Amino acid sequence: MSYVKGLFCKECGREYPAEPLNVCDFCFGPLEVTYDYDAISSVVSRERIENGPRSMWRYHDFLPAEAENAIDINAGYTPLIKANNLARSLGLDELYLKNDAVNPSFSFKDRVVAVASTKAREFGFDTLACASTGNLAGSVAAHAARAGMRAFVFIPADLERGKILGAAVYGPTLVAVDGSYDDVNRLCSELSDSYNWAFVNINMRPYYAEGSKSLGFEVAEQLGWRAPDNCIVPGASGSLFTKIWKGLNEFSSAGLIGDVNTRMFICQAEGCAPIVTAHKAGDFAIRPVKPNTIAKSLAIGNPADGYFALRVLEATGGSGCAVPEEEVAEGIKDLAEMEGIFTEPAGGVVVASLKRLARSGQIKPWETTVAFITGNGYKTQEVVEDTVRPVLIKPTFAAFEEALSVRP
Ligand SMILES: *Cc1c(COP(=O)(O)O)cnc(C)c1O
Ligand SMILES: [Zn+2]
């Protein structure tokens, strides 16, 4: 059973029933799910979780949808890998990569959509929809296919080919909008007033966002039931960043891990860094920007959870890192060449940030650091296409040896 009590407004605290709502009627603040934490604490244990399914549904006690009803393409339970080569190159002792690029639709978005789609079906919706920077469209389309629901997914028209194909293949109605993500999001907010659809990141947003907590849960379990010292997380709307932190704290409050002293670092590319910019300026008001970045999955100029991400930065003593655009592809190459993981630009932003944070001493060698790799490089091949060159030869021994001898 689910331990949801209802929703509450993050600005004014007003309470609402657990319905498909996302903003407060009184102050327009965003709504968040509340739980009966005493009831959760009385049932959860490490053993109960360890005996659960090998997916994010092992944490169902902390999620707002029923595991028995789950629209399940097996999101979550992804590898946490000790990154010895990358660590050595940065002078770190204990670096881990949370490889969420290997989720079923190849990004962490499967976690949020698993919850949002399940909840949508519980509410009786027959259609899933979303405003996407790319990965969300693929995940919504995949979950809708699995559930036999209709899907309308909206993307900016200028996305990478692999993101478009990676959504279209599941058979949704794919709507490419001539505009930025922020335009797509505005359009979808308007549509959600007239169409009785479950827009996973609009009217279903409180439930959707909870799915990201599972990344915090999973990392704590995989580290042997403890929180890391540092989390390095990419930021678009800022939701994922705040929910990893929430997940760690829920685990601690329930007695599953000890105190959480984790510093949270949020990473963006310079071409779209409204959260990092506000943090550096010591400002709690985000100034929206017009994105111009190679990291299209992070290209949200007006981040819905930006304010809350800034609060988490403040509360944890973490910081923001904005990396120059030219370091993004370099970060992708570093991760591929040193650790055998092919990520998309969001992961390139994380690796580039990690390098900067390690070199500047903001993260220390002896600390446990987890870098979150949230998306897969096969969807964004054009970003590194001209850095690779096969050796082309005739099919003869001599041709091979000749090619070898002229290679540097
Ligand atoms: C959506 C996305 C993010 C960030 O998500 P937010 O919760 O909006 O901050 C990070 N990485 C990838 C690959 C994504 O697709
Ligand atoms: Zn309110």
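Look up: the structure comes first, before these words.
Residues numbered from 1 in each chain as written. Chains lettered and ligands numbered in written order. Predicted model: local features only at pLDDT ≥ 70, side-chain atom pairs only at ≥ 80, totals over all residues. Heavy atoms only, no water.

> How would you summarise helix 5 (residues 135–147) if you had to cite specific residues and measurements?
Helical geometry: 3.6 residues make up each α-helical turn, so side chains three or four residues apart lie on a common side. Between its first and last C-alpha atoms helix 5 spans 19 Å; for 13 residues at 1.5 Å apiece the expected length is 18 Å, and the two agree. With 11 of its 13 residues buried, helix 5 lies for the most part within the structure. Turning to helix 5, its buried residues are Asn135, Leu136, Ala137, Gly138, Ser139, Val140, Ala141, Ala142, His143, Ala144 and Ala147. Looking at the buried residues of helix 5, the elements they touch are helix 4 (109–123), strand 6 (127–131), strand 7 (150–156), helix 6 (161–168) and helix 8 (205–210). Looking one or two residues beyond helix 5, the residue adopting positive phi is Gly148, at roughly 70°. (Helix = DSSP H or I, 4+ residues; strand = E, 2+ residues; numbered from the N terminus. Expected span 1.5 Å × (residues − 1). Buried < 20%, exposed > 50% of the residue type's maximum accessible area, 1.4 Å probe, protein only. Contact = heavy atoms within 4.5 Å.)

> How would you explain the pattern of salt bridges if you had to name every residue and give the values?
It is possible for side chains of opposite charge to pair when their charged atoms get near one another. Within this structure, the stated rule accounts for 26 salt bridges. Across the salt bridge formed by Lys243 and Glu210, the nearest N and O atoms sit 2.8 Å from each other. One end of the pair, Lys243, is in helix 10 (residues 239–253); the other, Glu210, is in helix 8, and 33 residues separate them in sequence. Both residues of the pair, Lys243 and Glu210, count as buried. Between Arg287 and Asp283 there is a salt bridge whose closest N-O contact spans 3.0 Å. Using a relative accessible area of 24% as the deciding quantity, one classes Asp283 as partly exposed. In the salt-bridge network here, residues are joined through shared partners; they are Lys10, Glu32, Glu210, Lys213, Lys243, Lys246 and Glu250. (Salt bridge = Lys/Arg side-chain N within 4 Å of Asp/Glu carboxyl O.)

> Account for the coordination of the zinc ion (ligand 2), with residues named and values stated.
The zinc ion (ligand 2) binds to the protein through Cys9 (SG), Cys12 (SG), Cys24 (SG) and Cys27 (SG), with metal-donor distances spanning 2.3 Å. Around the zinc ion (ligand 2) sit four donor atoms, and with donor-metal-donor angles ranging over 96 to 118° the site reads as tetrahedral. Counting along the primary sequence, the residues that act as donors to the zinc ion (ligand 2) give the motif C-x2-C-x11-C-x2-C. Taken as a pair, Cys9 in strand 1 (residues 4–9) and Cys27 in the loop between strand 2 (15–16) and strand 3 (31–35) lie far apart in primary sequence, 18 residues in all. In this structure Cys27 comes out as partly exposed when scored by relative accessible area, which is 32%. (Donors = N, O, S within 2.8 Å, 3.2 Å for Na, K, Ca; no water. Tetrahedral: all angles 85-135°; square planar, octahedral: opposite > 155°, others 65-115°.)

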